[in-house]
Amino acid sequence: MDNKGFISIEYLFSLFIIIIIALGVLFYASASISSSLNIEDSVTHRLILDDVANVISQVNSNGVGYSKYLKLPSDKGYFEVTVENNKLTMEYDDKKGETALMFANLDSKYRLVSGRSYVITKTDEGVVIT
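All values reported here derive from a predicted model rather than from experimental measurement.

Participant: Go over the environment of Glu 10 with me, naming the residues and quoting the values.
Facilitator: By secondary structure assignment, the location of Glu 10 is in helix H1 (residues 9-61). Look at Glu 10 and you get exposed, because its relative accessible area is 56%.

Participant: Report on the pattern of salt bridges, specifying residues and quantitative values.
Facilitator: Here the structure, examined in full by the defined rule, presents 5 salt bridges. In this structure, Lys 87 engages Glu 98 in a salt bridge whose closest nitrogen and oxygen atoms are separated by 4.0 Å. On the criterion of sequence distance, the pair formed by Lys 87 in strand E3 (residues 87-92) and Glu 98 in strand E4 (residues 95-100) is long-range, its members being 11 residues apart.

Participant: Can you tell me about the sheet that holds strand E6 (residues 117-122), naming the residues and giving the values?
Facilitator: Read from one edge to the other, the open sheet built from 3 strands follows the order E1-E6-E7, with strand pairing classed as antiparallel. Of all the strands in the sheet, just strand E1 (67-71) and strand E7 (127-129) have a single pairing partner and so form its edges. In this sheet, adjacent strand axes meet at a mean angle of 20° when their direction is disregarded. One ladder, built from 5 bridges, connects E1 with E6; its direction is antiparallel. Bridging across to E6, Ser 67 finds its partner in Thr 121.

Participant: Talk me through the sheet that holds strand E5 (residues 110-113); I want residue IDs and the actual numbers.
Facilitator: Read across the sheet, 4 strands follow the order E4-E3-E2-E5 without closing on themselves; strand pairing throughout is antiparallel. The outermost strands of the open sheet, each flanked by one partner alone, are E4 and E5. For this sheet the average axis-to-axis angle between neighbouring strands, irrespective of direction, equals 20°. Sheet analysis places E3 next to E4, joined by 6 bridges and oriented antiparallel. Residue pairing in the sheet places Thr 89 in a bridge with Glu 98 of E4. Strands strand E2 (80-84), E3, E4 and E5 of the sheet are contacted by H1, whose axis makes an angle of about 145° with E3.

Participant: Explain the pairing of E6 to me, and be specific about the residues and the numbers.
Facilitator: Both faces of the sheet carry side chains from a regular strand, because those side chains alternate between them. Only one face of E6 is buried, namely the one carrying Tyr 118, Ile 120 and Lys 122, since none of Ser 117, Val 119 and Thr 121 on the opposite face is buried. Relative to E7, E6 runs antiparallel, the two being bridged by 3 bridges. Looking at the pairing, Ile 120 lines up with Ile 129 of E7. Joining the antiparallel neighbours E6 and E7 is a turn of 4 residues, in which Gly 126 adopts a positive phi near 140°.

Participant: Please set out the nonpolar core residue by residue, giving values where relevant.
Facilitator: General note: in soluble globular proteins, nonpolar side chains tend to be found buried as a group. In this structure, Ile 56, Val 81, Val 83, Leu 88 and Leu 112 are the most contacted members of the largest nonpolar core, which totals 25 residues. Taken together, the elements giving at least two residues each to this core come down to H1, E2, E3, E5, E6 and E7. The element that contributes the greatest number of residues to this core is H1, accounting for 7 residues. Those residues in contact with Leu 112 that lie beyond four places of it in its chain are Val 52, Leu 70, Leu 72, Phe 79, Glu 80, Val 81, Val 83, Tyr 118 and Ile 129.

Conventions we followed
Residues numbered from 1 in each chain as written. Predicted model: local features only at pLDDT ≥ 70, side-chain atom pairs only at ≥ 80, totals over all residues. Heavy atoms only, no water. Helix = DSSP H or I, 4+ residues; strand = E, 2+ residues; numbered from the N terminus. Buried < 20%, exposed > 50% of the residue type's maximum accessible area, 1.4 Å probe, protein only. Salt bridge = Lys/Arg side-chain N within 4 Å of Asp/Glu carboxyl O. Pairing = 2+ DSSP bridges. Axes fitted to C-alpha atoms, helices over the stretch in contact; angles between N-to-C directions. Contact = heavy atoms within 4.5 Å. Core = buried A, V, L, I, M, F, W, Y, C linked by side-chain atoms within 4.5 Å.

Structure (structure tokens):
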């Protein structure tokens, strides 16, 4: 500003450049925060899927009559785990994750829903989820 209260053109230009730089930094920070939240969500659901596969494998590797209790968390949002043959598939928020079950004898197709509890039992026919 000069003595008469007018803003000079250099002041306006530097203010415009500062605003452009601040918006660029804000956009970059927003994108990186969104990316890290997406990665965190994917890792959380992957750990749940691996935990289900681990419980089924433990039950399958023990003798007939062995059972284990499994409670799927409900605080991670709604998801569904489909168990069929030698594959686990998790679907959540329009995303899909898969993992393999080694040597599991599953004749039926099961659908596990978040927030519910299940008992996984080894029988003569194979692994049964109730």
